[in-house]
Amino acid sequence: MGDRVGTPAIEARSLSKVFGAGADAVRALDDVSLTIRQNEFFTLLGPSGCGKTTLLRLIGGFEQPSQGDVFLEGQQLTGLPPFKRPINTVFQSYALFPHLTVGQNIAFGLEMLGRPKEKRTARVEQMLALVKLQGYANRKPAQLSGGQQQRVALARALASQPKVLLLDEPLSALDLKLRKEMQIELKRLQTETGITFVFVTHDQEEALTMSDRIAVMDSGKILQIGSPTEIYEHPQRRFVADFIGETNFLEGRITEANGAAVAQLACGHNLTLNGPGQKGSGGGQRVTLAVRPERAEIVPPQGEGLPATVGAVVYMGTDTTYHLTLADGTPFTVRSQNHEGARLDLASGAAVKIRIAPAAIQRLAD
Amino acid sequence: MTGSATSKRFLQIAPALAIIGFFMLAPLGLMAYVSILEKGLNGGVVWDLHTSEAYVNFIFERDLDDSLILNTDYLQIFARSFGLSLLTAALALAIGFPTALYMSMQPEGRRNLLIFLVTIPFWTNLLVRNYAWILLLRNGGLVENLLHWLGIAADQPLGLLYTPYAVSIGLTYSYLPFMVLPIYASLEKLDSRLIEAAFDLGADRRRALLRVILPLAAPGIAAGCVLVFVPALGAYVTPELLGGGKSMMIGNLIQSQFGAARNWPFGAALAFALLTIVLLAMMVYLIRFRRAPAGGH
């Protein structure tokens, strides 16, 4: 994932989009800047209404920004209609033309570009092979299953070799098994074609499995951009930590003991932190800490750690989730893998301690 | 199936059958019968004299020595009716499609208002509306003054009224809602994301219209054309008022046979000829635009 030399595929500079006017105005996108690299699988992740689809539509040219500019490989796109942008879209509903055959659908973009008929036919065959739908050229979209329609939509959008492919929650209509298949398929297509993919989803798992980088969005703003590992392991904001995966939040104040950063938690116990820049942060500053359930460990009450009481124990086959309560009532979840079978010693009401390694603790900005 | 189930079914559809039988089949049968009767001297028919004279009269004239001579007068009226009706359908399509397209692109509240406005002319009697067109089209009328003022036409009476064009304008006006509404219905169902997809794939507005919007609106366009063409073919009031008797159409011919000419069998035969032609046109429409069964080949 090294830095690619060259101009970014997409660059957004302080983009804002306001829908409506006056008191009813909705700021769907609020001063968003981002850079998407060439040949990257980039995901915009966030809950519905966070502005991710609006950002995608601004890149595609279906909406014009209220403020700011979009650049494609250094060239300004603002004001250009969608049909003048070498960017294609896979729509959430696929939007296949029902009156055209699969082959005609795939050839549509090439036809609009004025490619001769022989080239179009050859390209359609090539695209059908790419999405593994050989022999389907003469079917109508209505005769295909949802997954096959999805592949046709991909083939149609990729046929004219766009610089960037936009994907607007394309997998949301598929069932779970098909969705998993298509996730792998999409990643393969992106690698094979070398086209920059900008993928919109509200499904954090989808984002983590496919993306090179993820932008987490909320309320029209980008909260954090990073690789899946960075986003999951080192969330900077409470929203990011909460939205992606499960997280325990601990409130406390920062102090220093023996030259190391220590958090004085609300439950009255201390937690040693590490990481650079924590020593100089001064005493008594309020802080929120995030700990992933799988990064904490339950130890016997005579061990080192935060005292807690076991609540519900949920056995899930490969692992078990323990819902614990700290001394001040803060809930804390620990998930541990069942390496040696189910642990039967941890019944509801048992007093235990939670051991959290300093590296497992993430300090949040808010 | 048991006998009682069959009769129960029959009872359930009996009201519909009665309405179709009483209001459609019986009058049609009566008219078919009239068309093969001898005409009475003072109108009406002689009920026990059967002849195919009415159908012969449509194409041939009987000479004094009883030999048949080809007479194209009636065929010409049919041809004119077809020409004017086609022109009317074409004009209604040219005006109706952009109107329907515009309506379908409006926000929902305004769309309902526009549909309401399209149907407003129906509230006024057709006769009154056609008289209004006489005032508009006559020499010194509003249309002529407007054309003079715009400098499109020379500053002299244009004689717009009592021409086939006046008839076509009047018919277009009368039947325009029948064009707008079915096209609007098909455009409203059209998924706007398909148009976005066309733009996305490089189609400009014109090609998005030609390649995506028009083909998907085709059933509505065909329905609109049939709904305008068929009643225009049988129109009576408009050619009478705006054509001034000079542009006789089938409707006027049939009326004159039952009226002044006192030739009921011939009037009935003409009506049947018209019906046959309309049915053929409908069959062409049905064959051309029959929806493929879902998932079929």
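Residue numbers restart at each chain and count upward from 1, following the sequence in its written direction. All chains are assigned letters beginning at A, and all ligands numbers beginning at 1, according to the order in which they are written. With the structure being a predicted model, the display of local features is reserved for residues of pLDDT at least 70 and the display and counting of side-chain atom pairs for 80 or more, all residues being used for whole-chain, interface and lining totals. Excluding hydrogens and water, the side-chain figures rest on all heavy atoms present in the structure.

### Here's the deal with the overall build of chain B
Looking only at helices and strands, chain B has twelve helices and four strands in total. Relative to a compact globule of 297 residues, whose C-alpha radius of gyration would be 19 Å, chain B shows 24 Å and is clearly more extended. For chain B, the spread of C-alpha atoms along the principal axes amounts to about 80 × 75 × 35 Å. Residues are treated as being in contact if the distance between any of their heavy atoms lies within 4.5 Å. Long-range pairs, those at least 24 residues apart, make up 61% of the contacts in chain B with a sequence separation of at least 6. Charge convention: Lys and Arg are scored as positive, Asp and Glu as negative, and His as well as the terminal groups of each chain are ignored. Where a charge sits is defined by one atom per residue type, namely NZ (Lys), CZ (Arg), CG (Asp) or CD (Glu). With 20 positive and 17 negative side-chain charges, chain B shows a separation of 13 Å between the mean positions of the two kinds. Helix numbering and strand numbering both begin at the N terminus, where a helix is a DSSP run of H or I of at least 4 residues and a strand a DSSP run of E of at least 2. Within these notes, the globule rule equals 2.2 Å times the number of residues to the 0.38 power, and the radius of gyration is based on C-alpha atoms.

### As for the overall build of chain A
Check the secondary structure of chain A and you find eight helices and 20 strands. Buried residues are those whose accessible area, probed at 1.4 Å on protein chains only, stays under 20% of the maximum for their type, while exposed residues exceed 50% and partly exposed ones sit between those limits. Per-residue burial for chain A yields a buried fraction of 48% across its 366 residues. When contacts within chain A are restricted to residue pairs at least 6 apart in sequence, long-range pairs at least 24 apart make up 66% of them. Reported accessibility uses the Shrake-Rupley method at a 1.4 Å probe radius. Residues are deemed covered only where the shown protein chains occlude them. Carbon together with sulfur atoms contributes 49% to the accessible area of chain A, which is approximately 16600 Å² in total. Charge centroids of chain A, computed over 39 positive and 37 negative side chains, lie 6 Å from each other.

### A closer look at the domain arrangement of chain B
All names here are of chain B. Note that the domain bounds reflect an automated or database-derived domain assignment. Taken as a whole, chain B is organised into domain 1 (88–246) and domain 2 (248–290). Inter-centroid distance (C-alpha atoms) of domain 1 to domain 2 is 25 Å. Taken together, the contacts link 17 residues of domain 1 with eleven residues of domain 2. Considering only the surface of domain 1 that becomes buried against domain 2, Val-226, Leu-233 and Tyr-236 emerge as the three largest contributors, covering 40% of it. The term salt bridge refers to a side-chain nitrogen of Lys or Arg lying within 4 Å of a carboxyl oxygen of Asp or Glu. The tally of links from domain 1 across to domain 2 stands at zero salt bridges. The set of elements that each furnish at least two residues to the side of domain 1 that touches domain 2 consists of helix H7 (164–189), helix H9 (205–233) and helix H10 (237–242). The greatest single-element share of the side of domain 1 that touches domain 2, amounting to eight residues, is contributed by H9. Grouping the amino acids of the side of domain 1 that touches domain 2 by side-chain chemistry returns 13 nonpolar, two polar and two charged. We define buried area as the total accessible area lost by two parts upon association, computed with a 1.4 Å probe and summed across both. All residues other than Ala, Val, Leu, Ile, Met, Phe, Trp, Tyr, Cys, Pro, Asp, Glu, Lys and Arg, Gly among them, are scored as polar; the first ten of these are nonpolar and the last four charged.

### Looking at a nonpolar patch on the surface
Residue and element names in this part refer to chain B. Patches draw on residues past 30% relative accessible area with no salt bridge. Two like charges within 9 Å are joined, as are two nonpolar side chains (Val, Leu, Ile, Met, Phe, Trp, Tyr) within 5 Å. Judged by side-chain polarity, Leu-113, Phe-116, Leu-117, Ile-120, Phe-122, Trp-123, Phe-178 and Leu-227 come together as a nonpolar surface patch covering roughly 770 Å² of accessible area. Ranked by the residues each element gives to the nonpolar patch, the list is headed by helix H4 (residues 108–119), at three residues. With respect to the helices and strands, Leu-227 occurs in helix H9. Judged by relative accessible area, Leu-227 falls into the partly exposed class, the value being 43%.

### Section: a negative patch on the surface
Residues and elements named next belong to chain B. Residues Glu-61, Asp-63, Asp-65 and Asp-73 make up a contiguous surface patch of negative charge. Inspection of the secondary structure assignment puts Asp-63 in the loop between strand E3 (60–62) and strand E4 (68–70). According to the relative accessible area criterion, Asp-63 is partly exposed, its value standing at 36%.

### Side note on helix H4 (residues 146–159) of chain A
Since the α-helix turns once every 3.6 residues, residues separated by three or four places project in the same direction. Residue and element names in this part refer to chain A. A helix is expected to span 1.5 Å for every residue after the first. When the terminal C-alpha atoms of H4 are compared, their 20 Å separation across 14 residues agrees well with the 20 Å that a helix rising 1.5 Å per residue should span. Counting buried positions along H4 yields 13 of 14 residues, so the element is predominantly enclosed. Positive phi appears at Gln-161, one or two residues downstream of H4, with a value of about 45°.

### What to know about empty space enclosed by the protein
Residue and element names in this part refer to chain A. Cavities and pockets were defined on a 1 Å grid built from protein atoms only: a cavity is a group of points that admits a 1.4 Å probe but offers it no way out, a pocket is an open group of points flanked by protein on both sides within 12 Å along at least five of seven lines, and a lining residue is one with an atom within 4 Å of any such point. Grid points are joined across faces, edges and corners, and a volume is the space filled by probe spheres set on the points. Going through the model one piece at a time under the given rule, you end up with one cavity of 30 Å³ or more. By volume, the largest cavity is sized at about 80 Å³. Together, 13 residues line the largest cavity, and Glu-233, Ala-290, Arg-292, Ala-360 and Gln-362 are the ones closest to its centre. Counting residues per element, the ones that place at least two in the lining of the largest cavity are helix H7 (228–233) and strand E14 (285–291). Tallied by class, residues from the lining of the largest cavity come to seven nonpolar, three polar and three charged. A domain split of the lining of the largest cavity shows at least three residues from each of domain 1 (10–242) and domain 2 (246–364).

### Examining the nonpolar core
Residue and element names in this part refer to chain B. Within the largest apolar cluster, 39 residues are counted, with the highest numbers of intra-cluster contacts made by Phe-97, Leu-171, Ile-183, Leu-187 and Leu-270. For this core, the elements supplying multiple residues, two or more each, are helix H3 (73–104), H4, H7, H9, helix H11 (250–258) and helix H12 (264–289). In terms of residue count, H3 provides more of this core than any other element does, nine residues in total. There are two domains that each give this core at least three residues, and those are domain 1 (88–246) and domain 2 (248–290). If we skip the residues at most four places from it in the chain, Leu-187 touches Phe-97, Ala-100, Leu-101, Ser-104, Ile-213 and Ala-217. Remark: nonpolar core denotes a set of buried residues (Ala, Val, Leu, Ile, Met, Phe, Trp, Tyr, Cys) joined through side-chain atoms within 4.5 Å.

### Overview of the domain arrangement of chain A
All names here are of chain A. Here the domain parsing of chain A yields domain 1 (10–242) and domain 2 (246–364). Between the C-alpha centres of domain 1 and domain 2 the distance comes to 39 Å. With ten residues of domain 1 at the interface, the matching set in domain 2 holds eleven residues. Buried area between domain 1 and domain 2, both sides added, is near 900 Å², and the carbon and sulfur share of it is 42%. For the pair domain 1 and domain 2, the number of links is two salt bridges.

### Topic: the pattern of salt bridges
Residue and element names in this part refer to chain A. Applying the stated criterion across every chain yields a total of 25 salt bridges over all chains. Among the salt bridges present, the one from Arg-37 reaches Glu-40, with a minimum N-O distance of 3.8 Å. On the accessibility criterion, Arg-37 (26% relative accessible area) is partly exposed. Look at Glu-40 and you get buried, because its relative accessible area is 4%.

### Examining the packing of helix H3 (residues 117–130) of chain A against H4 of chain A
All names here are of chain A. Working convention: axes come from line fits to C-alpha atoms, limited for helices to the stretch in contact. Angles between N-to-C directions cover 0 to 180 degrees. Viewed as axis vectors pointing N to C, H3 and H4 meet at an angle of 135°, and their least axial separation amounts to 9 Å. The orientation of H3 with respect to H4, classified from their angle, is oblique. Here H3 runs over H4; the crossing is right-handed. Residues Arg-123, Met-127 and Leu-130 of H3 touch H4, and the partners they reach there are Ala-155, Leu-158 and Ala-159. Each angle receives one of four descriptions, namely roughly parallel if under 35 degrees, roughly antiparallel if over 145, roughly perpendicular if within 65 to 115, and oblique otherwise. Two helices crossing with the near one rotated counterclockwise from the far one by less than a right angle form a left-handed crossing, whereas a clockwise rotation gives a right-handed crossing.

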